[in-house]
Structures are given as C-alpha cells and as structure tokens.
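Here are the chains, one letter per residue:
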Protein chains: 2
Amino acid sequence: MELWYTEVQTDNVKFSMRVKETLFTKKSEFQQIDILDTYDFGKVLVIDGWTMITEKDEFIYHEMITHVPLTVNTNIKNVLVIGAGDGGTVRELLRFPSIEHIDMVELDEEVVLASEKFLPFTSCKLRDPKVKLYFQDGIKFVEGLENKYDLIIVDSTDPIGPGEGLFTLDFYKNCYKALTENGILVNQGESPYYDMNKKEMQRANKKLKEIFPICEVYQYMIPTYPSGHWFFGFASKTLHPVTDYNEEYYKSLNLEDQYYNEEIHKAAFALPNYVKNLLKE
Amino acid sequence: MELWYTEVQTDNVKFSMRVKETLFTKKSEFQQIDILDTYDFGKVLVIDGWTMITEKDEFIYHEMITHVPLTVNTNIKNVLVIGAGDGGTVRELLRFPSIEHIDMVELDEEVVLASEKFLPFTSCKLRDPKVKLYFQDGIKFVEGLENKYDLIIVDSTDPIGPGEGLFTLDFYKNCYKALTENGILVNQGESPYYDMNKKEMQRANKKLKEIFPICEVYQYMIPTYPSGHWFFGFASKTLHPVTDYNEEYYKSLNLEDQYYNEEIHKAAFALPNYVKNLLKE
C-alpha cells in the first residue's frame, strides 16, 4: 500500500507527499491535528488539512520570521509570540543574546504537546526558562496592553478558522499599543500567487498600513507552502527593515544559518512587479 | 468527471492541476508533447510528463532568462537560443532594441508547430524577420563556431532524455568559443531543493566554472516548477552580472515588466546559505 497526504491548495491544485506513517492524529477542541512521517520531507505537522511545517524546510520559515526583526532592532528584549505551537519560532528567537523574555500564546495546548512528543527539532526550547507559555486566545491576550513588547510575532495559521481574528484591524491596533517605541510586528503574510491567498495578503497589508507608519512585506522561498513563494509582513513605529538593518551586528553573532544571510535580508524586500502592483491596488 | 494532470516531481512528491481539456497530444520523434487547458494555470505545455510552461507564470521564466544578460551587456546583437520551442524566450529578446538577429535551434519542430497553434502568448514572435529557426540538434549546431554570438541561451528541458547533451563539458566549451569577447551564456540551471535536481544543478555549475572566468547562478520564484525555487546559470568571459549591471539602461527602456525590475536583478543573486553551501561542495 502507498500512503499519500494531499494538500488541496486550491479547488484546482493539489500537492501530495508520500507518507511512511501517521505518527499522531487528534481532533482537539479547536482543530484537526496530524503529524506524519514522510519520505521526502521528514516529519510534517498538518492542521485542518494544511501543511504547517516540515522537518526539511521549517528552517526557512523560522529563520526568516525571527532574524529579520532581530537584526533591525538589535535591542529586542521582550517578545510576544502568538501561535507557533510547534516551537520553531521560540527556538530561533533564543539564539539571539538580546532576548530576555518570551511570552508565547498558543490557543491550542494539544499542538504544543504533540510537537513536544514528535517534533523535537522545533519544540526543543519551549520549556526554556526565558519562555512563558500561555494556552489562550492571542487576540484577547493583547487587549489593553501598553508599551510592553519590543517584538510581536504573529505566527498564525491562515485566516480561516481559529486564525481569522489575527488578521483584523482591531487586533493590529492592539498590537501597536502593546509595542514599545522601537517595536516591530511581524506577521504571517500569505502569498500573492493563488487568488485566495492573494486577497488575504492584500487585505492584511492594507490594514497594517492604516496603523503603522512603516509597513513592508518580505518574501521567502519555501517549497512546501502553496506556490513556494510566501511572505511576512513587517510593521513598525520607527525602524525601517532595510535602511535600519544592522549587518555588522548580525555578522558579529556568527549564527551559521541555513537560509538567512545579509544579502538574503535585503533581497527579501525586493519584490517582483506583480507583487508590488498587487500591494498598490 | 474530473480530469487532473499530475507531475510526479520525485518518487515521493506529486503536483496536480485540474484540467479543462487536452488540446494537443502527440508522440514526436523525440518526446511526448501535451498541451492542456487548466483551471488555475491556463494553457500548459507538458513534455515527457514534465511541465515546461504555464500561461499563468511563464512570464517569470522568460523575463528572467533574458532580461538579466541583456542589461549586463547592453550591446547584445546576435543571439543563439537553444531549445525554447514555445517561443517565450524569443518574444522577450525582441523587446530589447539592441537585438539584430536570433538563431533559434530547436530539436523538435513539433513543439514549435504545437506552440504556434495553441500557445500564441509565447509563440507570437517566432516568425519575426529577426529570427531564423533551425530544427536540429543544438549540441552539433555550436560545434566549430567562433566569436559569433553575444549571448547564448540554453533554454533546455532537464538533463534527462534529449536535453542531456546540453549539460556536458564539451558543449559548454563549444559555447565558450562561439561567444564574442563580452559574450554571456545563460542556461537552465535546475533547483537546489530535491535531491535529483540538486545534483544536476551542482554538476552543471562545476562544469561551467572550469571554463568561464565569471560564473554565477541566479534564482527566480516560479510556482509551477518543482519546489518553486529555480535557477539560471550566468557564465561570461568578462562581465559580472551584478557589478556590470546597467540599471540606467534598463530604466531607459520602460519595459513595464511583470516580474523583473532593478531590485529583482540584484536580489536574484542573493542566495540562501544552503544553496551557497551546495555550490561550494
């Protein structure tokens, strides 16, 4: 028997990976969680039928969601992470010496428990003393906070299901207030290629622009997400992701990354014309 | 009934597009040629089961294979194109005023005939007076030529089947001789993500480095190729693709491209660490 996991990327596009075995499957209070062992991608976390991370290329996602803000504001001490139950974002954050404390707010404890059991390569730092885990709604968590975090990372699923509220104007306003003066918001920014993702990317970017004086998107190439060409939003009160980039600081850390480097940082903000045009519409 | 075309990208990975109808199917002397009309990607040319171009994203491939060399050497007059039967490369070349003559050598006339019938968006310029079509083997075509072309574009299929000879040391040596002093060779350079493509990319790059003093690779993000992260090789006798890039020249042309722009040109040479390391091995 051959076992295949198929992600239905649009009504007319499917991406399939051959599976060695299903390691975990559970319907939690919030969503369907599956962890698969695959031939080409190693362990894969799937939520509600969508690929969240694969062992083969999660490094691309996690380096890019963290290294870009942490080399623009080199004095980030307090971080709020929303989502990111697999732990990869926290693992990367803790490689930076400036980090003093991380509040991680994940709606679904089951994602963390399953990741700790089956995905040690991402979950390895979730119980670090610098990390405090909250299993609650990130949308409510940021309400009423002021001047508290130097960085907020919204490492969410797509804006369907539980992740939807993380793409609203009110949520972004609360993030703005919760950030310090040189604070940065990085959010999972969707993709410009397929129609549905394209609209979500555009909408999220428009909302952020209403609130933050500096608002850019940056790209990374991750083969296991639909289209392979995916984006993060970078929104900030004062710092620009390219002109305020501190290349020397990054070099001094000797991080030996697998994807990120100084050229990639700048190149990530060089957008193809069709993406630029989409964001101007 | 639902009709799906599935590209078997590796033994363990499949990419599928929903098909409206098959427009053309023929086994030529050299290969199996299919043209499909699909829901999300428009018309799609498939050779031996591999996606060659789709109407939705061929602009990415064709702008990147041509605009990069033509803005580095701004005096490219004579061009040799090998492969490229769909016509997209010729269409893009002819947008540059420096071009005086293009010899296009395509092994399989059936690809050109089918493209002219079903893919007018790429084949539209194949009968332009500046273009001379040869239906023969590109490998033999370049043998013995000297100082003839300012640019050679190897727009080939993968190094399996008829395309194999276009990835050999002898072929690259003949290209070197056939190029003028400021000549540039651009070749379809595979991808660093899946094992098979990775090895081919590495091999081709090593061979080119033995012959050309300047030898770089550059990336583009094309969702319908395996992994979505694909490369061209840039090899030249004298000109460097970034330091000799003539941004002002490009701006003066007002090409209104869909993918390529000045930032993309430079960013295309900013490689992720895992790609850099692969090319150092």
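Residues numbered from 1 in each chain as written. Chains lettered and ligands numbered in written order. Predicted model: local features only at pLDDT ≥ 70, side-chain atom pairs only at ≥ 80, totals over all residues. Heavy atoms only, no water.

Residues and elements named next belong to chain A. UniProt records the feature "binding site: S-methyl-5'-thioadenosine" (unreviewed entry) at Gln31, Glu106, Asp137, Gly138 and Pro162, using the numbering of this structure. Positionally, Glu106 belongs in the loop between strand S7 (101-105) and helix H3 (109-118). Those residues in contact with Glu106 that lie beyond four places of it in its chain are Gly83, Ala84, Gly85, Val111, Val112, Tyr134, Phe135 and Gln136. Here the side chain of Glu106 touches Asp108 through a polar contact of 3.0 Å, landing on its backbone nitrogen. Residue placement: Gly138 occurs in helix H5 (residues 138-141). (UniProt positions renumbered as here; feature names shortened; annotations may be inferred. Helix = DSSP H or I, 4+ residues; strand = E, 2+ residues; numbered from the N terminus. Contact = heavy atoms within 4.5 Å. Polar contact = N/O pair within 3.5 Å; in protein donor to acceptor, adjacent residues only side chain to side chain.)

A word on the relation of the copies chain A and chain B. Expressed as a screw transformation, the operator carrying chain A onto chain B has a rotation angle of 180 degrees and an axial translation of 0.0 Å, and the superposed copies differ by an RMSD of 0.0 Å. Taken together, the turn and the small shift mark the pair as related by a two-fold rotation axis. (Least-squares fit on C-alpha atoms with pLDDT ≥ 70 in both.)

Before going further, it helps to spend a moment on the pattern of salt bridges. Close approach of charged atoms allows side chains of opposite charge to pair. Applying the stated rule across the entire model yields 24 salt bridges over all chains. One connected set of salt bridges, linked through shared partners, spans A:Glu58, A:Arg91, A:Glu92, A:Arg95 and A:Asp257. (Salt bridge = Lys/Arg side-chain N within 4 Å of Asp/Glu carboxyl O.)

Let us now look at the packing of helix H6 (residues 169-178) of chain B against helix H7 (residues 195-211) of chain B. What describes two packed helices is the angle between their axes and the distance between those same axes. Residues and elements named next belong to chain B. Put simply, H6 and H7 touch, their axes get as near as 9 Å, and they point 40 degrees apart. Here H7 runs oblique to H6, going by the angle between their axes. Once H6 is placed against H7, the crossing between them reads as right-handed. Residues Leu169, Tyr172, Lys173 and Tyr176 of H6 touch H7, and the partners they reach there are Ala204, Lys207, Leu208, Glu210 and Ile211. (Axes fitted to C-alpha atoms, helices over the stretch in contact; angles between N-to-C directions. Parallel < 35°, antiparallel > 145°, perpendicular 65-115°, else oblique. Left-handed = near helix turned anticlockwise from the far one by under 90°.)

All names here are of chain A. The seven strands are arranged S8-S7-S6-S9-S10-S12-S11 in an open sheet whose pairing can be described as mixed. The outermost strands of the open sheet, each flanked by one partner alone, are strand S8 (131-134) and strand S11 (214-221). Going across the sheet, the axis of each strand differs from the next one's by a mean of 15 degrees, ignoring polarity. By the bridge criterion, eight bridges tie S11 to strand S12 (residues 229-236) in an arrangement that is antiparallel. Looking at S12, one finds that Glu216 is bridged to Phe234. Relative to the sheet, helix H7 (residues 195-211) contacts strand S10 (179-188), S11 and S12, its axis offset from that of S11 by approximately 150 degrees. (Pairing = 2+ DSSP bridges.)

Okay, the domain arrangement of chain A next. Residue and element names in this part refer to chain A. Once the domains are mapped, chain A shows domain 1 (3-51) and domain 2 (58-280). The interface of domain 1 with domain 2 comprises 19 residues on the first partner and 17 residues on the second. Buried area between domain 1 and domain 2, summed over both chains or domains, comes out near 1,700 Å², and the portion from carbon and sulfur atoms is 74%. Interface area lost by domain 1 to domain 2 is led by Gln9, Phe30 and Trp50, which between them contribute 26%. The tally of links from domain 1 across to domain 2 stands at one salt bridge. The shortest N-O distance in the salt bridge between Lys26 and Glu110 comes to 3.2 Å. Joining domain 1 to domain 2, the criterion identifies three residue pairs in polar contact (both at pLDDT 80 or more). Put simply, the parts of the chain that give the side of domain 1 that touches domain 2 at least two residues each are strand S1 (3-10), strand S2 (13-27), strand S3 (32-38), strand S4 (42-47) and strand S5 (50-54). Partitioning the side of domain 1 that touches domain 2 into residue classes produces eleven nonpolar, five polar and three charged. (Domains from an automatic or database assignment. Buried area = accessible area lost by both parts, 1.4 Å probe. Nonpolar A, V, L, I, M, F, W, Y, C, P; charged D, E, K, R; others polar.)

Turning to H3(A), a few remarks are in order. Every buried residue of H3(A) is listed here: A:Val111, A:Val112, A:Ala114, A:Ser115 and A:Phe118. Structurally, H3(A) contributes buried residues whose contacts are with S2, S3, S4, S7, helix H4 (120-123) and S8 of chain A. (Buried < 20%, exposed > 50% of the residue type's maximum accessible area, 1.4 Å probe, protein only.)

A separate point is the packing of aromatic side chains. A full pass over the atoms with the stated rule returns 36 aromatic pairs over all chains. A centroid spacing of 5.7 Å and a plane angle of 70 degrees characterise the contact between A:Tyr225 and A:Trp230, whose relative ring orientation is edge-to-face. With respect to burial, A:Tyr225 and A:Trp230 carry one shared label: buried. Taken together, the aromatic side chains of A:Tyr61, A:Tyr218, A:Tyr220, A:Tyr225, A:Trp230, A:Phe232, A:Phe234 and A:Phe269 make up a single cluster linked through ring pairs. A cation sits over an aromatic face here: A:Lys14 above B:Trp4, 4.1 Å from the ring centre. Geometry around B:Tyr39 places B:Lys20 over its ring, the cationic atom sitting 5.5 Å from the centre. (Phe/Tyr/Trp six-rings, centres within 6.5 Å; stacked < 30°, edge-to-face > 60°. Lys NZ or Arg CZ within 6 Å of the ring centre and 35° of its normal.)

All names here are of chain A. Burial analysis of S7 places four of its five residues in the buried class, which makes it a mostly covered element. Summarising the sheet, strand S6 (residues 78-83) and S7 pair through five bridges and their orientation is parallel. Across the sheet, Asn78 pairs through a bridge with His101, a residue of S7. Between the parallel elements S6 and S7, the chain passes through helix H2 (residues 88-93) in a crossover that is right-handed. Judged from the four bridges that link them, S7 and S8 form a sheet pairing that is parallel. Looking across to S8, one finds that Met104 is bridged to Leu133. (Right-handed = clockwise from strand over helix to strand, strands pointing away.)

Among the nonpolar cores identified, the biggest contains 154 residues, and A:Met64, A:Tyr220, B:Met64 and B:Tyr220 are the most heavily contacted of them. Residues in contact with B:Tyr220, not counting those within four places in the same chain, are B:Ile60, B:Tyr61, B:Met64, B:Tyr225, B:Gly228, B:His229, B:Trp230, B:Phe231, B:Phe232 and B:Tyr259. Listed in part, the 24 residues of the second largest apolar core include B:Tyr134, B:Leu145, B:Cys175 and B:Leu179. (Core = buried A, V, L, I, M, F, W, Y, C linked by side-chain atoms within 4.5 Å.)

Glancing now at the sheet that holds strand S9 (residues 149-155) of chain B. All names here are of chain B. The seven strands lie next to each other as S8-S7-S6-S9-S10-S12-S11, forming an open sheet whose pairing is mixed. Edge positions in the open sheet fall to strand S8 (131-134) and strand S11 (214-221), since each of these has one partner strand only. Between one strand axis and the next, the sheet turns by 15 degrees as a mean value, whatever way the strands run. Relative to strand S10 (residues 179-188), S9 is paired through five bridges, and the arrangement is parallel. Each residue of the ladder has a partner; that of Val154, found in S10, is Asn187.

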